Amino acid sequence: MCVSNIDRSLEKIDIMKLLLFLMAFIIITFSIVFLMIIPNVKEHRALQTEYKRVLVHKTRVENLYLEREAELSKLKVENDAVIKAFKHVFTQEEFITYARKFFAEVHLTQITKSEYKKEFVEYELNVTSTLKTPTNFYSFLEGLNRYSSIVQADFPIHLESGKESITSTFKLKVYDLNATR
């Protein structure tokens, strides 16, 4: 017997069937690509455009925030004395000690205590004092700007001259933080 070593399996393949299956495979593959992948690409592009728009907006807001933060830091440094004055608790004894640098005698009487714009408490004080020269009074008024609390001298200011001294009567408004007291 003669056994032939020649492979005849390729002779049994039908080229038409092979082309038909290849065509079906290509059609199914392209169908899947067009139905599933391309809509996702469109959605991806839309999301990427939205992301870029939001990123630009975020960057603008971040820059504005950094500008405001720098401005706030600058204002905190510039107004440090005022901020500390608002935080400093006003005491009559401390104020009388301060006023005695300018006046011979000082008497304080509290007139009212009321809420001022809900953040602050406003004290209204009547000050009666005796001084030797009006220069001391003006030095006192100028010194109120550097006082450790927020104090405002109100008009009218009544000055009455005596033999050896000047008696002054005026009102002060003191602003204190209304920090849950």
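Structural data are supplied above this passage.
In this text, all values refer to a predicted model and were calculated from it rather than measured experimentally.

Peer 1: Where do I start with the overall build of the chain in this structure?
Peer 2: The secondary structure content of the chain amounts to four helices and four strands. Burial status across the chain gives 19% buried among its 181 residues. Across the chain, the fraction of contacts at a sequence separation of at least 24, relative to all contacts at a separation of at least 6, is 61%.

Peer 1: Looking at this model, I keep getting lost on the pattern of salt bridges. Mind explaining?
Peer 2: Pairs can form between side chains of opposite charge whenever their charged atoms are close. According to the stated counting rule, one finds three salt bridges in the structure shown. For glutamate 62, the salt bridge identified is with lysine 58, shortest N-O distance 3.4 Å. Linking glutamate 62 with lysine 58, this pair stays in helix α1 (residues 15-78), spanning four residues, or about one helical turn. Taking the relative accessible area as the measure of exposure, glutamate 62 reaches 37% and is therefore partly exposed.

Peer 1: Even after reading the chapter, I still don't get a nonpolar patch on the surface, so can you show me in this structure?
Peer 2: On the surface, a nonpolar cluster with roughly 850 Å² of combined accessible area is contributed by Ile15, Met16, Leu19, Leu22, Phe25, Ile26, Phe30 and Phe34. Judged by relative accessible area, which is 49%, phenylalanine 30 ranks as partly exposed.

Peer 1: What is the right way to look at the nonpolar core in this model?
Peer 2: Proteins that are soluble and globular tend to have nonpolar side chains buried together. Among the nonpolar cores identified, the biggest contains 12 residues, and these are Phe95, Tyr98, Ala99, Phe102, Phe103, Phe137, Phe140, Leu144, Tyr147, Val151, Leu172 and Val174. When contributions to this core are tallied by element, the ones reaching two or more residues are α3 (92-99), α4 (134-143) and β4 (166-177). The biggest single contributor to this core is α3, with three residues.

Peer 1: Which parts of the structure should I look at to understand α1?
Peer 2: A turn of α-helix holds 3.6 residues, and therefore any two residues three or four places apart point the same way. Here α1 is 64 residues long and its end C-alpha atoms lie 90 Å apart, about the 94 Å a rise of 1.5 Å per residue gives. Of all the bends in α1, the greatest measures close to 30° and is centred on phenylalanine 34.

Here is what the cut-offs are and how they apply
Residues numbered from 1 in each chain as written. Predicted model: local features only at pLDDT ≥ 70, side-chain atom pairs only at ≥ 80, totals over all residues. Heavy atoms only, no water. Helix = DSSP H or I, 4+ residues; strand = E, 2+ residues; numbered from the N terminus. Buried < 20%, exposed > 50% of the residue type's maximum accessible area, 1.4 Å probe, protein only. Contact = heavy atoms within 4.5 Å. Salt bridge = Lys/Arg side-chain N within 4 Å of Asp/Glu carboxyl O. Patch = residues over 30% accessible without salt bridge, like charges linked within 9 Å, V, L, I, M, F, W, Y side chains within 5 Å. Areas by Shrake-Rupley, 256 points an atom, 1.4 Å probe, with all protein chains shown as cover. Core = buried A, V, L, I, M, F, W, Y, C linked by side-chain atoms within 4.5 Å. Expected span 1.5 Å × (residues − 1). Bend = angle between axes of the 7 residues up to and from the residue.

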